[in-house]
Amino acid sequence: MLHNLSIGELAARLNSRELSSVELTRHFLSRIDRFGPALNALITVTARQALSDAAAADVRLGRGESGPLLGIPLIHKDIFCTEGVRTSCGSRMLDNFIAPYDATVVARFKAAGAVMLGKANMDEFAMGSSNENSYYGPVKNPWNSNKVPGGSSGGSAAAAAARLAPLTTGTDTGGSIRQPAALTGVTGVKPTYGRVSRYGMIAFASSLDQAGVFARSVADAAPALQAMAGFDSRDSTSVDAPVPDYTAALARPLHGLKIGLLREFFEGLEPRNAALIHDALAVYKELGAETREVSLPHLPSSVPAYYVVAPAECSSNLSRFDGVRFGYRCENPVDLLDLYKRSRGEGFGPEVKRRIMTGTYVLSAGYFDAYYLKAQKVRRLIVDEFRAAFTQVDLLVGPTTPTPAFDLGAKIDDPVTMYLNDIYTIGANLAGLPALSLPCGFIDGLPVGLQLIGPHFSEDRLMCAGHRFQLATDWHTRLPAGYA
Amino acid sequence: MAQWEVVIGLEIHAQLATKSKIFSGSATAYGAPPNSQADLVDLAYPGVLPVLNAEAVRMAVKFGLAVGAKVAERSVFARKNYFYPDLPKGYQISQYELPIVANGKLEIVLDDGAVKTIGITRAHLEEDAGKSLHEVLPNASGIDLNRAGTPLLEIVSEPDMRSAKEAVAYMKKIHTLVRYLEICDGNMQEGSFRCDANVSVRPKGREKFGTRAEIKNLNSFRFVEKAIQYEVARQIELIEGGGSVLQETRLYDSDKHETRSMRSKEEANDYRYFPDPDLLPVEFDRSFIERVRASLPELPDEKAARFAKDFALSPYDAGVLSASRELGAYFEAVVAALSAEHAKLAANWVMGDLSSALNRDALDIGASHVSPRELASLLARIVDATISGKIAKEVFEAMWSERKSADDIIESRGLKQITDSGAMMSVIDAVLAANPKQLADYRSGKDKLFGFFVGQVQKATGGKANPAQLNELLRVKLAGKEPV
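Nothing here was measured: the structure is a model prediction, and the numbers come from that model.

**Topic: the overall build of chain A**
- Across its full length, chain A holds 17 helices and eleven strands.
- Against the globule reference of 23 Å for 484 residues, chain A gives a C-alpha radius of gyration of 21 Å, in line with a compact fold.
- Each of the three principal axes of chain A carries a C-alpha extent, and together these read 65 × 55 × 45 Å.
- Relative to its full complement of 484 residues, chain A shows a buried share of 61%.

**Structural notes on the sheet that holds strand β4 (residues 77–81) of chain B**
- Read across the sheet, three strands follow the order β5-β4-β15 (chain B) without closing on themselves; strand pairing throughout is antiparallel. In this open sheet, the two strands that pair with only one neighbour each are β5 (91–95) and β15 (274–275) of chain B.

**Structural notes on helix α5 (residues 300–311) of chain B**
All names here are of chain B.
- Its twelve residues place the ends of α5 16 Å apart at the C-alpha level, agreeing with the 16 Å of an ideal helix rising 1.5 Å per residue.
- Taken together, the buried positions of α5 are Pro 300, Lys 303, Ala 304, Phe 307 and Phe 311. One face of α5 carries all of its buried residues, which in axial projection span an arc of 100°.
- Where α5 is buried, its residues meet α2 (164–180), α6 (315–321), α7 (325–337) and α8 (343–360).
- Among the residues trailing α5, Ala 312 stands out with phi positive, at a value near 55°.

**Let's talk about unusual backbone geometry**
- The omega angle of the peptide bond from A:Gly151 to A:Ser152 is 5°, so this bond is cis rather than trans.
- Even without being a glycine, A:Asn131 presents a positive backbone phi close to 60°.
- In this fold, A:Asn131 is placed in the loop between β3 (115–120) and α5 (154–161).
- Unusually for a residue other than glycine, B:Asn217 sits at a positive phi of about 55°.
- Note on placement: B:Asn217 falls in strand β12 (residues 213–218).

**What about the domain arrangement of chain B?**
Residue and element names in this part refer to chain B.
- When the domains of chain B are assigned, the result is domain 1 (4–290), domain 2 (300–413) and domain 3 (421–478).
- A C-alpha centroid distance of 32 Å is found between domain 2 and domain 3.
- Facing four residues of domain 2, the contacting portion of domain 3 comprises four residues.
- Grouping the constituent residues of the side of domain 2 that touches domain 3 by class yields two nonpolar, one polar and one charged.

**Quick look at helix α1 (residues 54–66) of chain B**
Residue and element names in this part refer to chain B.
- In this model, α1 (13 residues) spans 19 Å end to end at C-alpha, consistent with the 18 Å of a helix rising 1.5 Å per residue.
- Most of α1 sits inside the fold, with ten of its 13 residues counted as buried.
- Turning to α1, its buried residues are Ala 56, Val 57, Met 59, Ala 60, Val 61, Lys 62, Phe 63, Gly 64, Leu 65 and Ala 66.
- The positive-phi residue at the C-terminal boundary of α1 is Gly 68, with phi of around 60°.

**Details of the environment of B:Lys116**
- Here B:Lys116 is to be found in strand β7 (residues 115–127).
- In the structure, B:Lys116 is positioned 31 residues away from B:Arg147 in sequence and 36 Å away in space, judged by C-alpha atoms.

**Observations concerning the sheet that holds strand β5 (residues 187–190) of chain A**
Residue and element names in this part refer to chain A.
- Here we have eleven strands laid out as an open sheet, ordered β1-β3-β2-β4-β6-β5-β10-β11-β9-β7-β8, and mixed in their pairing. In this open sheet, the two edge strands, each paired with only one partner strand, are β1 (42–45) and β8 (290–294). Ignoring which end each strand starts from, the neighbouring axes of this sheet average 30° apart.
- Relative to the sheet, α5 contacts β1, β2 (73–77), β3, β4 (167–171), β5 and β6 (211–215), its axis offset from that of β4 by approximately 160°.

**Here we look at the interface of chain A and chain B**
- Contacts between chain A and chain B engage 34 residues on the former and 24 residues on the latter.
- Taken together, the elements giving at least two residues each to the side of chain A that touches chain B come down to α11 (302–317), α12 (336–347) and α13 (350–363) of chain A.
- The element best represented in the side of chain A that touches chain B is α11(A), accounting for three residues.
- Along the lines of polarity and charge, the residues of the side of chain A that touches chain B split into 17 nonpolar, ten polar and seven charged.

**Some points on the environment of A:Tyr246**
- Mapped onto the secondary structure, A:Tyr246 falls in helix α8 (residues 246–249).
- For A:Tyr246, the residues in contact, after removing those within four places along its chain, are A:Ala222, A:Leu225, A:Gln226, A:Glu459, A:Asp460 and A:Met463.

**Focus: the pairing of strand β10 (residues 151–157) of chain B**
All names here are of chain B.
- When you tally the buried positions in β10, you get five out of seven residues, the bulk of the element.
- Pairing analysis gives five bridges linking strand β1 (residues 4–15) to β10, with the strands arranged antiparallel. Residue pairing in the sheet places His 13 in a bridge with Glu 154 of β10.
- In terms of strand pairing, β7 meets β10 through seven bridges, oriented antiparallel. The residue bridging Arg 122 from the neighbouring strand is Val 156, located in β10.

**Here we look at the environment of A:Met93**
All names here are of chain A.
- Summarising the element assignment, Met 93 is placed in the loop between β2 and α4 (104–111).
- For the pair Met 93 and Val 22, spaced 71 residues apart in the sequence, the C-alpha separation amounts to 34 Å.
- With residues up to four places along the chain from it excluded, the contact list for Met 93 reads Phe 321, Gly 327, Tyr 328, Gly 347 and Phe 348.

**With respect to the confidence of the model for chain B**
- Mean pLDDT over chain B stands at 92; residues scoring 70 or higher make up 98%.
- Predicted as a complex, the structure gets a pTM of 0.90 and an ipTM equal to 0.96.

**Concerning the nonpolar core**
All names here are of chain B.
- Ala 60, Phe 63, Ala 167 and Ala 197 are the most contacted members of the largest nonpolar core, which has 231 residues in total.
- A per-element tally of this core places α2 first, with ten residues.
- For Ala 197, the contacting residues outside a window of four places in its chain are Ile 8, Leu 10, Ala 167, Ile 215, Leu 218, Val 224, Ala 227 and Ile 228.
- In this structure, Ala 318, Val 320, Leu 375 and Ile 409 belong to the second largest nonpolar core, which totals 36 residues.

**Comments concerning the packing of α7(B) against helix α9 (residues 372–383) of chain B**
All names here are of chain B.
- Running from N to C, α7 and α9 cross one another at 45°; their axes reach a closest spacing of 8 Å. As summarised for this structure, α7 and α9 are arranged oblique, according to the angle between their axes. By crossing handedness, the relation of α7 to α9 is classed as right-handed. Every residue of α9 that contacts α7 at Tyr 330, Ala 333, Val 334 and Ala 337 is listed here: Pro 372, Arg 373, Leu 375 and Ala 376.
- For the contact of α7 with α9, the per-class residue count stands at seven nonpolar, no polar and one charged.

**Digging into the pairing of β5(A)**
All names here are of chain A.
- Covered by surrounding structure in β5 are Thr 187 and Val 189 together with Gly 188 and Lys 190, the residues of both alternating faces.
- When β5 meets β6, the two strands line up antiparallel, connected through three bridges. Considered in β6, the bridge of Gly 188 is made with Phe 214.
- As judged from the three bridges shared by β5 and strand β10 (residues 435–443), these two strands associate in the antiparallel manner. From the neighbouring strand, Lys 190 faces β10, where its bridge partner is Ala 435.

**Quick word on the packing of α2(B) against helix α3 (residues 221–240) of chain B**
Residues and elements named next belong to chain B.
- At a closest axis distance of 9 Å, the pairing of α2 and α3 adopts a crossing angle of 155°. Considered as vectors, α2 and α3 are oriented roughly antiparallel to each other. By crossing handedness, the relation of α2 to α3 is classed as right-handed. Every residue of α3 that contacts α2 at Ala 164, Ala 167, Val 168, Met 171 and Lys 172 is listed here: Phe 221, Val 224, Glu 225, Ile 228 and Gln 229.
- Tallied by class, the residues present in the contact of α2 with α3 amount to seven nonpolar, one polar and two charged.

Cut-offs and rules
Residues numbered from 1 in each chain as written. Chains lettered and ligands numbered in written order. Predicted model: local features only at pLDDT ≥ 70, side-chain atom pairs only at ≥ 80, totals over all residues. Helix = DSSP H or I, 4+ residues; strand = E, 2+ residues; numbered from the N terminus. Rg over C-alpha atoms; globule rule 2.2 N^0.38 Å. Buried ≥ 20, exposed ≤ 12 C-beta atoms within 10 Å, placed from the backbone. Pairing = 2+ DSSP bridges. Expected span 1.5 Å × (residues − 1). Arc of directions from axis to C-beta. Contact = placed C-beta atoms within 7 Å. Domains from an automatic or database assignment. Nonpolar A, V, L, I, M, F, W, Y, C, P; charged D, E, K, R; others polar. Axes fitted to C-alpha atoms, helices over the stretch in contact; angles between N-to-C directions. pLDDT = per-residue confidence, 0-100. Core = buried A, V, L, I, M, F, W, Y, C linked by C-beta atoms within 7 Å. Parallel < 35°, antiparallel > 145°, perpendicular 65-115°, else oblique. Left-handed = near helix turned anticlockwise from the far one by under 90°.

And the structure:
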């Protein structure tokens with residue numbers, strides 16, 4: 001079936017005209033029709049536009065043009081602005097917001113000829129680890145509809161796992177690509193901070209947000225990252241550094257790779273989960289890698305530091321949603337204060353409000369030093385510890401999450417327990433490091449993720465290591481029952 | 001009042017004369033239709049990001065160097081958070097802890113000629129807000145965001161000024177400087193140059209400052225003077241009446257010439273400043289600073305000193321003539337076409353008749369009806385005694401209104417001075433003959449009548465008699481002697 005083919009195979013068929021982009025697009029649109037509603041993976045389906053874009057891609061293919069993504073369908077997380085298409089960010093606040101421009105990520109995929117099928121569900125403003133914070137309702141995990149898919153890019157992850165598109169985009173502020181990738185058994189790549197432009201990606205926490213991609217495999221993710229990556233003059237924090245050929249990098253040998261095991265990642269890890277990680281390490285050893293233990297003593301402080309820095313930035317970033325120029329506005333405001341209070345009070349959901357309040361608090365006079373400044377110091381220590389670790393090893397390996405997918409509703413009333421889901425992923429965000437999550441086994445029928453973290457701009461090395469693992473294992477080829 | 005000392009510090013906002021805004025590509029021109037110069041960045045649409053205008057940075061560096069300040073090799077943009085409809089992001093991008101310019105100073109000349117140094121604490125870059133329009137729409141307020149994002153340099157002085165006059169002198173000096181540097185057009189009606197004044201009083205001899213009030217948005221030198229005078233009187237009266245000054249923000253009412261309370265310290269916002277994660281710190285090396293230094297024009301104080309020295313002008317004249325680059329250039333062009341020897345004559349004319357004519361017709365010096373070369377040729381006719389200074393005024397007015405050369409006017413109106421002794425003598429004879437009583441009185445000792453005879457002769461010649469020559473001839477004649 002088409003949805004089980006790799007992007008390389010699809011591109012080959014498209015380029016040989018054996019398959020048209022319209023046929024391929026119809027195939028995935030019909031899967032979206034069939035599985036999308038039950039999973040609640042998409043907020044908006046842009047079928048008509050998709051078919052017209054696919055027809056345009058076919059014209060280009062017919063002219064002899066080719067490209068790794070020309071005519072390939074994809075789904076964007078609904079955090080990326082898409083011109084003329086609702087961009088809700090999972091929030092009532094933007095339920096009526098038709099973006100007047102394309103995010104750089106969206107524009108680059110368009111230029112590469114990829115065909116957007118729709119916009120994926122997500123936790124409101126990317127705040128959440130279960131996709132239960134969406135104004136559009138929770139997303140279900142394709143492996144078990146009573147389980148969460150993870151968040152905040154839960155719709156993108158579920159869509160990739162259910163093969164509703166060969167590629168889906170996501171954003172990762174504290175684990176929002178890797179954690180749902182792990183919980184739904186797909187490959188998720190979070191690049192180095194600054195590798196991919198944030199322009200047009202609705203900001204949650206500007207110093208942590210980074211766009212990335214979900215795919216069946218690392219080999220499929222490589223051309224997608226290739227299309228997204230690179231300097232953008234409209235994002236001052238994007239980095240003007242050459243982008244290597246990620247697909248070519250997959251062929252490099254792994255022999256002699258030094259892999260570090262993060263001691264802090266294994267403390268308190270559930271034994272079955274730990275066993276799967278150790279199995280993965282055994283695979284790497286067979287492939288010629290060396291492993292050694294590495295410690296980052298301040299890593300356990302990453303969660304509290306993150307939950308100061310991220311809310312602080314979000315409290316300011318979300319001030320623009322005031323009911324004045326776009327988005328939700330309350331009915332019949334009596335005065336300016338009423339307009340602000342009710343538009344924001346009615347437009348934002350509880351988790352967003354919780355983080356705005358936390359962020360406002362930690363930035364206020366008298367608390368700034370004790371919270372914000374201290375968190376920045378912790379962040380600096382974590383950055384330094386990672387840097388020191390990477391003088392000894394090429395990559396760090398550990399679990400992506402402490403447990404497989406949990407039940408819908410299990411943690412929604414306990415924010416702190418929910419926040420602890422990101423304990424293994426947040427460090428890479430605080431340090432701006434690239435990281436990816438790969439399927440590495442199952443516990444009780446639910447996928448488990450292996451996380452690889454590399455030094456800044458080592459996506460090529462990371463993806464090579466991920467690809468080698470996927471050549472040696474078949475966890476990533478498993479499909480949830482009912483989605484064949 | 002004698003026992004009170006006034007303490008004043010100014011925060012001057014100079015709008016930088018860049019073509020585009022500080023963080024977006026929109027134009028900054030004044031007076032465009034509402035919201036025609038506001039793009040998605042200015043409107044703070046979801047997902048957009050600021051990109052710093054390098055020209056604004058260069059202008060701030062110029063200012064820093066011109067006031068002998070420390071130009072920071074690393075400065076940081078911070079967010080100042082508050083809600084207001086004319087502030088689309090809900091925060092203003094400014095600089096807080098690490099401004100681009102710190103520790104400068106400026107000299108002002110007091111009424112008694114003494115020179116006083118005013119400290120400049122800092123100058124930082126920030127963006128302007130938009131404008132709320134309350135009288136345009138029925139039952140609604142409008143928002144014009146054309147001004148939102150306009151680059152400002154906020155120049156903060158030390159509390160070094162001790163009177164409203166000193167404050168005005170300082171503000172004028174900064175005004176001159178920013179126009180010299182061509183970093184601000186100085187247009188106060190359009191709000192390109194405005195200030196907030198921090199005013200307090202304390203008993204003479206006490207070191208501790210009194211509680212200060214901040215008077216907002218003063219946009220003329222006269223308003224600064226009036227507002228400070230009012231505020232000082234108000235504070236003294238309050239304290240002497242047993243009350244105390246509240247720390248508050250006050251507004252100046254230019255119709256009533258009074259200040260009134262806007263908000264007290266208790267109502268003041270907690271701005272929750274923190275570094276803007278969307279912008280990298282501004283960093284440059286010494287060579288950039290040195291390149292900017294090399295591009296600085298001759299500064300007002302340097303020019304005044306040179307005028308005083310090279311042209312033997314009084315410090316006052318040198319100061320007036322160097323008050324703007326254009327005026328200084330005009331003056332120098334007149335001197336160049338005339339001669340340095342007659343620089344004082346040129347100075348008197350530029351500061352006198354030329355300035356009055358410009359003021360009368362509300363023209364800038366660049367739009368003068370009389371060019372420097374033309375003025376110099378008029379002055380040359382005074383120097384070579386073709387006309388008297390008095391006739392020259394008439395010629396100047398004719399040059400101004402008819403736009404003809406000095407020589408043409410002198411020629412066509414027959415204004416050439418009578419220097420022929422014979423011709424002058426015959427007029428004198430006629431005058432003496434017509435006034436026998438006055439002649440007799442003079443000769444009997446009424447010396448004061450000398451002026452009467454001078455007046456009569458000039459009346460008869462239409463003022464064309466060379467004054468020195470007339471005096472000489474008349475004196476001889478009145479003494480009853482024939483000229484030699």
